[in-house]
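Architecture at a glance
The lines below spell out each chain.
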Amino acid sequence: MPNVTDQLKQQAVDPELVVLLETITNCCQEIAGKLRLGALTGILGVTEDTNVQGETQKELDVIANDMLKEALLGLSSVAGIASEEEDLPVAGNANGRFLVLFDPLDGSSNIDVNVSVGTIFSVLPLPAGKSGGDESAYLQPGRAQLASGYALYGPATTLSMTTGQGVQQFVLDNNGQFTLAYEQMSIPADTKEFSINMSNQRFWAPEMQEYIADLLAGDQGVRGKNFNMRWIASMVADVHRVLTRGGIFTYPWDDRSPDKPGKLRLMYEGNPMSLLVEQAGGLATTCFGNILDIQPSKIHQRVAVALGSKHEIEVLLDAHKSALDSPAALLNR
Ligand code: P6P
């Protein structure tokens, strides 16, 4: 079966983009190796204590960040990178053509309890006249992405990726190769499974409270069918389940911080995942409009997210159509 390089070449992807995506894939393979050893690596946790070697203990997500940053900035094609772990973008090669954004280890609070975490990445073109050290170069709508994907470090380490020709899923095999497992991932249009952090229920907008209440009412309510719920609290794992068997994943606006659109980040969580979901036949919305159409204003800006099975997202959008002038809607334009 083909590996990532074979698949990208078969899709006639730009050769320099192939090398860039291979570089990310190789980093994900190294990150998987570190995670697999768990506490034995001596680099888990979130403390600044010294580890067994007497070195200052760094968070694993900082280590993953530094690995991706060093590898990508070493490519002549990369004009710059932006990361959840970096306050500002980091300029790369002055003649580079690509900008790479990533969340090096999403869900890292789950590492200490051995729950799946992931690496999320997004590739944008460098706009003419801009440099990779200039934040404004990155502020492009998600629809401009050339590629996006994630590695999921779970019972298997998988890599799901799109270059605009559907979503391919690869599995890390015993030879250290990501081997193609699914050529076209497809999200079922209907679902009976929703994914939300129910502990925030009292903070949601009324429209979201009503939409979720209808799911909970099951076949006794207006939906006329029962639903199941999942919440892994690791976006990569929850989105992977949606890509694999359908469902709706949502982290909506809530009034704990009314001036924030949502918890998740647009540029390196919302946009890359939304491109994958749309490429797999699903929908990705803020509850008020397509995530991929948002014109970003800040590199670390947040966004409300609801993504997954097309027909279920349409029910959610219908539930929100009377709230288009609400605080949540105005913040998520
Ligand atoms: P909560 C992980 O910290 C993360 O950014 C996403 O991966 C995940 O979906 C969400 O936050 C979980 O948030 O509030 O349920 O802990």
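On a predicted model such as this, the values are computed, not experimentally measured, just so you know.

Let us look at the nonpolar core. Soluble globular proteins tend to bury their nonpolar side chains together. Counting residues in each nonpolar core, the largest one holds 39 residues, and the members touching the most others are L20, L21, I24, L72 and Y153. If sequence neighbours within four positions are ignored, L21 has contacts with L8, F121, V123, A147, M161 and T163.

For the rest of this paragraph, the subject is the domain arrangement of the chain. Examined at the domain level, the chain breaks down into domain 1 (4-182) and domain 2 (193-331). Taking only C-alpha atoms into account, the centre of domain 1 sits 24 Å from that of domain 2. Contact with domain 1, which involves 43 residues of that partner, is made by 30 residues of domain 2. Buried area between domain 1 and domain 2, summed over both chains or domains, comes out near 2,700 Å², and the portion from carbon and sulfur atoms is 61%. Interface area lost by domain 1 to domain 2 is led by L139, R143 and Y150, which between them contribute 23%. Along the contact surface separating domain 1 from domain 2 lie two salt bridges. One salt bridge in this structure joins R143 and D293, with 2.7 Å as the shortest N-O distance. On inspection of domain 1 and its partner domain 2, the count reaches 15 residue pairs in polar contact (both at pLDDT 80 or more). For the side of domain 1 that touches domain 2, the secondary structure elements donating two or more residues are strand 1 (78-83), strand 3 (98-106), strand 4 (117-125), helix 4 (135-138), strand 5 (147-153) and strand 6 (157-162). Here the side of domain 1 that touches domain 2 is composed, by residue class, of 18 nonpolar, 18 polar and seven charged.

Running from amino to carboxyl end, helix 6 (residues 235-245) crosses helix 7 (residues 266-279) at an angle of 15°, the nearest separation of the two axes being 11 Å. When the axis of helix 6 is compared with that of helix 7, the two are roughly parallel. When you trace helix 6 past helix 7, the crossing you get is right-handed. Between helix 6, through M235, V236, V239 and L243, and helix 7, the contact on the second element is made entirely by E269, M273, L276 and V277. Residues that form the contact of helix 6 with helix 7 fall into these classes: seven nonpolar, no polar and one charged.

Calculation criteria
Residues numbered from 1 in each chain as written. Predicted model: local features only at pLDDT ≥ 70, side-chain atom pairs only at ≥ 80, totals over all residues. Heavy atoms only, no water. Core = buried A, V, L, I, M, F, W, Y, C linked by side-chain atoms within 4.5 Å. Buried < 20%, exposed > 50% of the residue type's maximum accessible area, 1.4 Å probe, protein only. Contact = heavy atoms within 4.5 Å. Domains from an automatic or database assignment. Buried area = accessible area lost by both parts, 1.4 Å probe. Salt bridge = Lys/Arg side-chain N within 4 Å of Asp/Glu carboxyl O. Polar contact = N/O pair within 3.5 Å; in protein donor to acceptor, adjacent residues only side chain to side chain. Helix = DSSP H or I, 4+ residues; strand = E, 2+ residues; numbered from the N terminus. Nonpolar A, V, L, I, M, F, W, Y, C, P; charged D, E, K, R; others polar. Axes fitted to C-alpha atoms, helices over the stretch in contact; angles between N-to-C directions. Parallel < 35°, antiparallel > 145°, perpendicular 65-115°, else oblique. Left-handed = near helix turned anticlockwise from the far one by under 90°.

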